[in-house]
Amino acid sequence: MIETSGLRKEYRSRRGGLQVAVEDLDLAVPAGGVHGFLGPNGSGKTTTIRMLLGLARPTRGSMRLFGEPVPHRLPRVIDRVGAVVESPKFSPNFSGRRNLGLLAGALGAPADRVDAALETVGLTGRDTDRYKGYSLGMKQRLAIAATLLKQPDLLILDEPTNGLDPAGIREIRETIRGLGAAGVTVLLSSHILAEVQQVCTSATIIGNGRLLASGRVEELLGATTAFRVGVPDAEAAVTLLRRSGLSATLDDPGSGTVRVETDDPASITRALGEAGLWLSELTPLRADLESFFLDLTAGEHLGAERGEAR
């Protein structure tokens, strides 16, 4: 759906120096599902999105949407793309439905798409309320509904949960998950890695405008290789597990839990059960995107002095 090769964007700072916002970025977003475009503030995510949408000119490199080179062929594919990049702009005194109805008329979209868009984002029942009375999360969902009037194949969302409370974040998360399940390819830009992990099927991680990692989320995180084990006597459990050839260490003192490095949980239960130590907990400790990202970028100063680029 999206391809970039050697994409680069340079800015001149106010002092005349050169700032690199995006550095030779190779990006590939597969069709279907939700693709996370991840990195801290200042890593070049918004700059990349603006270039894809023809809102900024790349210094060099190539870009394609649906296989068409952009920005040269952007008019051919723009109707298949929906995007929420800036804060949504709607008439505050009109209802959500009225705002969408006016936009549908301007786009030449049939009126029944308004109903479908409102239902998709979960605003049915609040659609006749004035926009100015909407919560921030509702305003973001209305912005997504506006993009759905075109029935896009690709939806680009830039930091859609910024400034939202936990309830608003959950609403947006459920909306994005539903869109991905319905067949829309979603490019979700965010710096909140733990939140994104709950909805993304694949991800690209960048830092300082450079590609750091890309692939399916489960491939990036790898298989489970450690477990937290709860037992009545944690110290005795560590001794027994080590005698069985397993790598075992005590968790925090007084926690009553042990960390065991293995991909075979049966070996843990077998070793402890044979000694009469019965488990009260056996929890897989999978890596998450946040810890993976921190390990990936150890020693780098990401997001610093990126100028106006995000």
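Residues numbered from 1 in each chain as written. Predicted model: local features only at pLDDT ≥ 70, side-chain atom pairs only at ≥ 80, totals over all residues. Heavy atoms only, no water.

### Focus on the packing of aromatic side chains
Stated formally: The aromatic pairing rule takes the rings of Phe, Tyr and Trp, using the six-membered ring of Trp, and pairs them if the centres are within 6.5 Å, calling planes under 30 degrees apart stacked, those over 60 edge-to-face and the rest tilted. Only DSSP runs of H or I with at least four residues qualify as helices, and only runs of E with at least two residues qualify as strands; both kinds are numbered from the N terminus onward. For each residue, the accessible area found with a 1.4 Å probe, counting protein chains only, is set against the maximum for its type, and the residue is called buried under 20%, exposed over 50%, and partly exposed in between. Here, a charge over a ring is recorded when the distance from Lys NZ or Arg CZ to the ring centre is within 6 Å and its angle to the ring normal is within 35 degrees.
Summed over all chains, the structure comprises two aromatic pairs. For the pair Phe 90 and Tyr 131, a centre-to-centre distance of 5.2 Å together with 55° between the ring planes defines the contact as tilted. A residue pair is termed long-range when its members are at least 10 positions apart, and Phe 90 in the loop between strand 6 (81–84) and helix 3 (96–107) and Tyr 131 in the loop between helix 4 (112–120) and helix 5 (136–148) qualify at 41 residues. You can call Tyr 131 buried: its relative accessible area is 7%. The positively charged end of Lys 9 is found above the aromatic ring belonging to Tyr 11, 5.3 Å away from the centroid. For the cation-ring pair, Arg 80 lies above Phe 66, with the distance from its terminal atom to the ring centre recorded as 3.8 Å.

### Notes on helix 6 (residues 166–181)
Where we set the bar: Any helix carries an expected span of 1.5 Å times its number of residues minus one. Residues count as neighbours in contact if any of their non-hydrogen atoms are within 4.5 Å of one another.
Between the first and last C-alpha of helix 6 there are 22 Å, a value that for 16 residues agrees with the 22 Å anticipated at 1.5 Å per step. On its buried face, helix 6 sits against strand 3 (34–38), helix 4, helix 5, strand 7 (154–158), strand 8 (185–190) and helix 7 (193–196). Of the residues flanking the end of helix 6, it is Gly 183, one or two places downstream, whose phi is positive at about 105°.

### What about the pattern of salt bridges?
The following threshold applies: One side-chain nitrogen of Lys or Arg within 4 Å of one carboxyl oxygen of Asp or Glu is enough to make a salt bridge.
Summed over all chains, the structure comprises twelve salt bridges. For Asp 24, the salt bridge identified is with Arg 60, shortest N-O distance 3.6 Å. Of this pair, Asp 24 sits in strand 2 (residues 18–29) while Arg 60 sits in strand 4 (residues 60–65), and the two are 36 residues apart along the sequence. Residue Arg 60 is classed as partly exposed on the basis of its relative accessible area of 45%. Note that Arg 141 is salt-bridged to Glu 171, the shortest N-O span being 3.2 Å. In this pair, Arg 141 sits in helix 5 while Glu 171 sits in helix 6, placing the two residues 30 residues apart along the sequence.

### Thoughts on the sheet that holds strand 13 (residues 257–261)
Going by this rule: By the convention used here, strands pair only if DSSP detects at least 2 bridges between them. In this description, a line fitted to the C-alpha atoms serves as the axis of each element, helices being fitted only across the stretch in contact, and the angle between N-to-C directions of two axes falls anywhere from 0 to 180 degrees.
Ordered in space as 12-13-11-14, the four strands form an open sheet in which the pairing is antiparallel. Taken across any chain shown, the strands that pair with only one partner, and hence form the sheet edges, are strand 12 (247–250) and strand 14 (281–284). Neighbour-to-neighbour, the strand axes of this sheet turn through a mean angle of 25°, independent of strand direction. Two strands pair when backbone bridges link them, and strand 12 and strand 13 are joined in this way by four bridges, in the antiparallel orientation. Paired with Leu 250 across the bridge in strand 13 is Val 258. Across the sheet, helix 10 (residues 265–274) lies against strand 11 (226–230), strand 13 and strand 14, angled at about 30° from strand 11, the strand it touches most.

### Considering the environment of Met 1
For Met 1, the position within the fold is in the segment before strand 1 (2–12). For the pair Met 1 and Asp 153, spaced 152 residues apart in the sequence, the C-alpha separation amounts to 8.9 Å. Those residues within four positions of Met 1 in sequence are excluded, and the remaining contacts are Val 29, Pro 30, Ala 31, Arg 64, Leu 65, Phe 66, Asp 153, Leu 154 and Thr 185.

### Focus: the packing of helix 5 against helix 6
Note the following rule: Under this scheme an angle from 65 to 115 degrees is roughly perpendicular, one under 35 degrees roughly parallel, and one over 145 degrees roughly antiparallel; angles in between are oblique. Left-handed describes a crossing whose near helix is turned anticlockwise from the far helix by less than a right angle; the clockwise case is right-handed. Side-chain classes follow a simple rule in which Ala, Val, Leu, Ile, Met, Phe, Trp, Tyr, Cys and Pro form the nonpolar group, Asp, Glu, Lys and Arg form the charged group, and the remainder, Gly included, forms the polar group.
Direction vectors running N to C along helix 5 and helix 6 enclose 20°, while the axes themselves pass 8 Å from each other. With respect to their mutual orientation, helix 5 and helix 6 come out roughly parallel. The chirality of how helix 5 crosses helix 6 is right-handed. Here Gly 137, Met 138, Gln 140, Arg 141, Ile 144 and Leu 148 of helix 5 lie close against helix 6, whose contacting residues are Gly 168, Glu 171, Ile 172, Thr 175 and Leu 179. Grouping the constituent residues of the contact of helix 5 with helix 6 by class yields five nonpolar, four polar and two charged.

### Describing the sheet that holds strand 4
The four strands lie next to each other as 2-1-4-5, forming an open sheet whose pairing is antiparallel. In this open sheet, the two edge strands, each paired with only one partner strand, are strand 2 and strand 5 (68–70). On average, each strand axis in the sheet is tilted by 30° relative to the strand beside it, whichever way the strands run. Pairing of strand 1 with strand 4, which is carried by five bridges, proceeds in the antiparallel orientation. Bridging across to strand 4, Thr 4 finds its partner in Met 63.

### Topic: the confidence of the model for the chain
As a reminder of what qualifies: One confidence number per residue, pLDDT, is output by the predictor and ranges from 0 to 100.
When pLDDT is averaged along the chain, the result is 88; 94% of the residues meet or exceed 70. Within the model, the stretch residues 301–310 combines pLDDT values under 50 with 32 contacts to residues more than four positions away or in other chains.

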